Amino acid sequence: MYTHCVYTVCRVLGMSIGHTLLGLLESGPRHGYDLKRAFDEKFGHDRPLHYGQVYSTMSRLLKNGLVEVDGIEAGGGPERKRYAITDAGITDVEQWLATPEKPAEYLQSTLYTKVVLALLTHRDAGDILDNQRSEHLRSMRILTDRKRHGDLADQLVCDHALFHLEADLRWLELTAARLDKLRVEVAR
Amino acid sequence: MSARRWAGDLAMGTRFAFTGGREGWVRALLTGVGVGLGVALLLLTAAMPSILDTRHAHEAARQDYSFSSTDIKPADDTIVVAHTDTVWHSKDVRGRLLQPEGAKAPLPPGIDRLPAAGEMYVSPALADLLRSPGTALLRERLPGKVVGTIGESGLIGSRELAYYAGSEKLVPLLGKGNVERIDRFGDTTSQGSEPLDPVLLLLVLMVFVVLLTPVAIFVATAVRFGGEQRDRRLAALRLIGCDGGTARRIAAGEALAGSVLGLVFGVGFFLAGAQLASSIELFDVSIFPDYLTPSPVLALLVALAVPATAVLVTLFSLRRVVIEPLGVVRTSGPGRRRLWWRLLLPLLGLLMLTPMIGKGNGGGDFNPYLVTFGVLALLVGITALLPWLVERAVGRLDGGPVSWQLAVRRLQLSSGTAARMVNGIAVAVAGAIALQMLFAGVDADYTKSTGKDPSRTQLEVDLRAATTPDATVRALRATRGVRRTVTLSETSFGARPETTEDTIQIMVGDCAALRELARISSCHEGDAFVSSGAFTDAASRKLMTPGHTVWVDPSYPGNTKGAEARWTLPAELGRAQVRKDALRGDLTGLLVTPSALPAKARPSLGSSVYVMLDPKVPEPEATEEIRTTVQAVDVLADVSIWQSTERSTRYGAIRTGLFAGAAAVLALIGASLLVSQLEQLRERKKLLSSLIAFGTRRRTLTLSVLWQTAIPIALGLLLAMTVGLTLGGVLMKMTAVPLRVDWPSVLSMTGVGAAIVLAVTLLSLPALLRLMRPDGLRTE
Amino acid sequence: MNAPAAPAGSLLTAEDLRKAYGPTVALDGAGFSIHPGEVVAVMGPSGSGKSTLLHCLAGIVPPDSGSIRYAGREMATMNDAERSSLRRSEFGFVFQFGQLVPELTCVENVALPLRLNGTSRKEAEKTALGWMQRLEVDDLAKKRPGEVSGGQGQRVAVARSLVTGPRVLFADEPTGALDSLNGERVMELLTDAARSTNAAVVLVTHEARVAAYSDREIVVRDGRSRDMERAV
């Protein structure tokens with residue numbers, strides 16, 4: 001169970017690390033090193049981000065015009081660039097947050113990241129959950145309908161999926177109920 | 001099972017009885033008040049022997065009749081006592097004139113010295129009365145100035161009206177009926193209390209049984225206030241590991257606590273009542289607070305019986321209940337209720353009463369135990385019959401509108417609860433109906449036998465001290481309110497001056513007066529007539545032969561000497577046909593005009609003056625004026641009011657009292673009905689709200705609540721009427737009173753029962769409306 | 001966050017509802033709308049005001065302010081008797097608990113709304129038995145609610161809610177006390193029956209699998225509603 005979870009975190013992180021870093025920049029320009037530290041603190045758990053991963057992501061974002069270099073600080077050690085988010089970057093984060101995830105198994109880490117980022121950037125995290133629930137329900141309706149008109153095998157298959165989706169949703173509800181607490185914790 | 005476990009469980013139950021927030025307190029309070037009222041009534045009953053004994057002792061101590069056939073000679077230690085009782089606005093005033101004949105004359109109890117002539121000791125109540133306005137006429141009647149009050153030991157009640165007055169004119173009046181010479185106050189015969197008139201004893205027993213049985217049933221119901229809540233609590237206790245026995249003992253502890261609180265309340269009510277007692281007067285009987293000392297044995301019995309009953313009732317009511325951890329399950333009884341054993345009790349009652357039939361008519365005494373237990377069995381039998389009746393009757397009901405259906409179905413499911421609720425009412429109504437019937441019967445019987453017709457005359461004045469009625473008649477004619485008077489005197493004659501044989505009655509009056517007695521064709525002063533009702537045996541006929549010589553007022557050997565006036569009967573004796581509405585009954589001899597009698601016979605005449613009142617003068621002023629006038633002329637005269645219903649007004653008061661008592665008991669039971677009704681409603685809050693949610697009219701639910709109370713009460717009243725009429729019939733048979741049903745009282749008692757239902761429904765309406773608010777659906 | 005103005009063809013619409021129980025604000029500007037034949041789930045955490053919304057929509061509890069229109073009529077203008085009559089004839093109700101009268105038999109319970117409307121007993125019970133058949137509980141007709149299982153009781157309740165042929169069915173956590181299998185069966189029967197009579201269903205639930213029987217959902221949070229279909 002444990003390894004399973006850790007593996008998932010990595011996998012999911014790969015998919016959304018750019019948006020996450022962008023979101024972190026929304027609260028103000030940061031150095032690459034600061035970005036890595038903030039990421040590790042909020043989302044990294046026990047698997048910190050490699051610095052190289054930050055560097056490559058930032059250069060991709062820079063190329064797409066979602067961030068810009070705010071200044072370079074000379075000093076000891078490696079090159080230290082300070083990044084700032086562009087308007088296009090803010091829009092990109094906005095869109096990402098508003099788009100519900102495809103109902104799939106094991107997506108809670110993405111959702112978690114989204115919720116935390118929304119809280120960090122003072123967006124309404126409840127909306128994210130509502131949107132996600134709506135998306136889940138859409139899938140569940142399809143499954144329920146299939147179940148009602150299918151044979152027993154269909155029913156069993158659909159039920160399995162339904163229970164998993166329901167588990168996600170229950171986690172969502174629980175998270176929604178704990179948003180206030182989470183907000184305090186994230187702001188620390 | 002150790003005693004400590006028992007004590008612990010009971011204590012735990014006691015704690016539960018008083019905890020549980022506001023609701024717990026309200027329940028404990030209701031139980032306390034309910035049981036308390038019952039206890040107070042029981043204590044009053046327990047004080048009854050003391051009240052009767054004290055009154056009897058006081059009465060005996062002041063007795064001033066000698067009961068001796070030999071005259072007491074005047075001496076240093078004798079006193080002459082005259083009875084001058086009077087009536088003021090239909091309340092009796094005990095009056096005594098005292099004339100001591102020496103220094104060692106006895107002193108009646110309650111006063112510290114004998115009043116001198118012109119002085120008077122009065123009871124506190126009489127003193128109060130004399131101080132109040134409008135009593136001048138009474139004051140006029142009382143001889144003398146008030147110099148002191150009679151103490152408690154000289155009175156038999158706090159509200160008794162009495163006086164002792166000094167006099168110097170009594171000796172010549174000795175032998176005039178109510179004047180006697182005695183050498184001591186107090187019961188000289190010391191024969192103990194006379195046995196009560198059997199009918200009166202029956203009435204007293206009945207009043208107690210009829211009023212106490214519903215109270216006992218009420219107490220049994222009162223300890224079960226909050227039953228549903230208790231069940232839930234017991235279930236919760238089972239859940240945390242109590243065994244069934246423990247749960248039962250805890251329930252018993254709760255009931256015990258309620259009844260002990262009730263005992264405390266009851267003693268409080270009783271003491272408060274005792275303080276008020278001195279200002280209360282019921283049926284002309286009042287008492288002093290210290291009469292109200294419950295007999296220790298009976299009080300102890302109450303103190304033990306009430307908690308014991310509470311515990312037993314609780315355990316009995318849990319008999320068919322299985323307390324499970326997740327709720328209380330009522331095991332449905334083995335099928336339907338059976339009738340046969342429920343009939344045993346009433347049949348047993350009838351069986352015990354049957355040998356008593358006819359005993360009241362001079363046939364001997366009632367066995368008080370058989371009567372009490374018979375009546376008790378019959379009344380308590382109702383509580384056994386009612387559940388069966390309700391189950392049967394309700395089981396057949398069906399159809400009808402929704403409100404009816406809801407009520408009927410609920411009753412079908414819990415007919416036992418419904419029957420229990422109305423048990424008390426049914427018993428009270430049945431008892432009251434029976435008693436009312438008995439009273440009405442005794443009343444009717446008495447009225448018939450009096451034969452007095454108040455349309456002929458309204459007042460009868462019996463003269464005692466006056467030698468001739470003339471002065472009294474003159475005074476009466478001058479009195480306001482008197483329209484006309486008729487004077488009739490009576491004496492008798494025999495064959496010899498001294499005789500042991502029967503004598504013949506002589507009724508003396510002027511022609512007008514005689515015509516009030518009989519139809520007489522021609523009448524002149526000096527005439528004499530033979531009554532059509534005269535004795536017709538040979539001896540009597542011989543005595544009434546015209547021209548025969550007889551002796552008026554002959555002496556009877558050993559008695560006070562009579563007038564012994566020699567009289568030759570007139571040569572011609574007319575015939576007088578007695579009127580049906582004659583002023584005097586039993587005219588068995590001669591009717592004579594005054595001048596036909598020898599003058600020597602005059603002193604032997606006992607006279608009565610009949611007064612026809614002027615309807616223009618309002619009552620009772622006219623009567624009071626006349627009483628005052630008469631007493632001024634003849635201090636010993638007795639004024640009585642002619643009323644065909646005289647007795648019935650006295651029983652009328654008792655019946656009113658009984659009605660009030662029964663109504664109070666019913667109201668008490670109504671209160672308990674209301675409590676359980678509210679409890680039931682609260683329990684159904686969710687259901688009521690959901691019924692309202694899907695559009696049920698409030699009227700429908702209200703009506704269903706009404707039916708739910710009305711159906712069992714209607715059945716209860718039906719049974720109560722049946723049992724009441726049966727019992728009433730048996731009681732009337734017992735007292736040999738002609739059987740008749742007093743429908744007004746039957747209907748009024750039934751009406752009170754019905755009124756209770758209506759009141760309970762009305763009073764539970766606010767709660768019902770509140771519960772029907774949709775807020776009840778809120779769960780969050 | 002309020003629902004937009006009543007869309008055309010809407011059967012029951014609410015706008016800007018506010019309701020407070022003492023200091024507790026249950027609804028704070030909630031809106032709602034439903035079409036005939038539509039099943040709308042009302043979701044949200046407990047204490048969010050979903051039951052209050054249902055009570056207001058059904059005319060059980062009058063809102064402090066805001067408008068509720070049913071079939072073009074403003075509910076605020078109706079008096080209590082009119083709203084009761086509306087509930088009797090146009091609406092049906094299924095609750096989680098305490099709705100069957102324990103002393104009536106199941107068929108009498110189902111027939112109750114018809115009888116409240118004045119239908120004769122015989123006819124009402126005949127119709128009731130028909131609905132009990134559809135909900136597969138006709139064999140319980142003569143039993144009392146205390147003698148049947150929770151799932152059976154709930155089906156009896158559903159039969160009762162449908163017996164008058166309501167145009168709107170209000171269901172407040174109808175499966176709340178049931179296990180999954182019973183809950184799903186009840187939902188299937190309920191939605192099938194509602195669809196076959198073109199009745200709208202307002203389904204208050206916090207269970208996603210129950211909500212999945214709806215066509216769309218409305219989320220209530222802190223007394224405010226959010227119509228997810230229109231929001232996305």
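Residues numbered from 1 in each chain as written. Chains lettered and ligands numbered in written order. Predicted model: local features only at pLDDT ≥ 70, side-chain atom pairs only at ≥ 80, totals over all residues. Heavy atoms only, no water.

### Some remarks on the packing of aromatic side chains
Stated formally: Planes of paired rings set the category: under 30 degrees apart is stacked, over 60 is edge-to-face and the rest tilted, where pairs are Phe, Tyr or Trp rings (Trp by its six-membered ring) whose centres lie within 6.5 Å. Elements are defined by DSSP. Helices are runs of H or I of four residues or more, strands are runs of E of two residues or more, and each kind is numbered from the N terminus. The buried label applies to any residue whose accessible area, calculated with a 1.4 Å probe on protein chains only, is under 20% of its type's maximum; exposed applies above 50%, and partly exposed to all values in between. For a ring to carry a charge above it, either NZ of a lysine or CZ of an arginine must fall within 6 Å of the ring centroid while also lying within 35 degrees of the normal to the ring plane.
Enumeration over the complete set of coordinates arrives at seven aromatic pairs over all chains. Plain terms: the ring middles of Phe265 of chain B and Phe269 of chain B are 6.1 Å apart, the flat faces sit at 90° to each other, and that makes the pair edge-to-face. Here Phe265 of chain B pairs with Phe269 of chain B, and both are found in helix H7 (residues 244-277), just four residues apart, close to one helical turn. Judged by relative accessible area, which is 21%, Phe265 of chain B ranks as partly exposed. A relative accessible area of 33% means that Phe269 of chain B is categorised as partly exposed. One aromatic cluster is present, built from ring pairs that chain together Tyr70, Phe91, Phe93, Phe95 and Phe170 of chain C. Here Lys114 of chain A stacks its cationic end above the ring of Trp96 of chain A, 5.3 Å away from the centre of that ring.

### Here's the deal with the environment of Leu613 of chain B
Of note, Leu613 of chain B is situated in strand E21 (residues 606-613). As for Leu613 of chain B and Val482 of chain B, which are separated by 131 residues in sequence, their C-alpha atoms are 4.8 Å apart.

### Details of the packing of helix H19 (residues 698-734) of chain B against helix H20 (residues 743-771) of chain B
Residue and element names in this part refer to chain B. Spelled out, the test is: Every axis in this analysis is a line fitted to C-alpha atoms, fitted for helices over the stretch in contact. Angles between the N-to-C directions lie between 0 and 180 degrees. Note on terminology: angles under 35 degrees are roughly parallel, angles over 145 are roughly antiparallel, angles of 65 to 115 are roughly perpendicular, and the others are oblique. Left-handed describes a crossing in which the near helix is turned anticlockwise from the far one by less than a right angle; the clockwise case is right-handed. Contact between two residues is taken to exist if any of their heavy atoms lie within 4.5 Å; hydrogens are not considered. Think of it as three bins: nonpolar holds Ala, Val, Leu, Ile, Met, Phe, Trp, Tyr, Cys and Pro, charged holds Asp, Glu, Lys and Arg, and polar takes everything else, Gly as well.
Contact pair H19 / H20: the axes reach a minimum separation of 10 Å and the direction vectors enclose 155°. Considered as vectors, H19 and H20 are oriented roughly antiparallel to each other. Considering how the two elements wind past one another, H19 and H20 form a crossing that is right-handed. Residue-level inspection shows Arg698, Leu701, Thr702, Val705, Leu706, Thr709, Ala710, Ile713, Leu717, Met721 and Leu725 of H19 in contact with H20, the latter providing Trp743, Val746, Thr750, Gly753, Ala754, Val757, Leu758, Thr761, Ser764, Leu765, Leu768 and Leu769. Split into classes, the residues belonging to the contact of H19 with H20 amount to 16 nonpolar, six polar and one charged.

### Description of the environment of Leu135 of chain C
Here Leu135 of chain C shows up in the loop between helix H4 (121-134) and helix H5 (150-162). Between the C-alpha atom of Leu135 of chain C and that of Gln152 of chain C, which follows or precedes it by 17 residues, the distance is 9.1 Å.

### Topic: the interface of chain C and chain B
This is how the line gets drawn: Accessible area that two parts lose when put together, evaluated with a 1.4 Å probe and summed over both, is termed the buried area. The rule for a salt bridge is simple: a side-chain nitrogen of Lys or Arg has to be within 4 Å of a carboxyl oxygen of Asp or Glu. Here a polar contact is taken to be a pair of N or O atoms separated by no more than 3.5 Å, where protein atoms must pair a possible hydrogen donor with a possible acceptor and residues adjacent in sequence count only if both atoms sit in side chains.
If you look at the interface, chain C gives 29 residues, while chain B gives 28 residues. Across the interface of chain C and chain B, roughly 2,700 Å² is buried in total on both sides, 57% from carbon and sulfur atoms. Of all residues in chain C, Glu103, Arg115 and Leu116 of chain C bury the most surface against chain B, accounting for 23% of the area lost on that side. At the boundary of chain C and chain B, one finds four salt bridges. The salt bridge involving Arg698 of chain B is made with Asp80 of chain C; its shortest N-O contact spans 2.9 Å. In this structure, the connection of chain C to chain B is made through ten residue pairs in polar contact (both at pLDDT 80 or more). Of all the elements in the fold, those that place two or more residues in the side of chain C that touches chain B are helix H1 (50-57), helix H2 (80-89), helix H3 (106-116) and H4 of chain C. With five residues, the top contributor of residues to the side of chain C that touches chain B is H3 of chain C. Its residues assigned to classes, the side of chain C that touches chain B shows twelve nonpolar, seven polar and ten charged.

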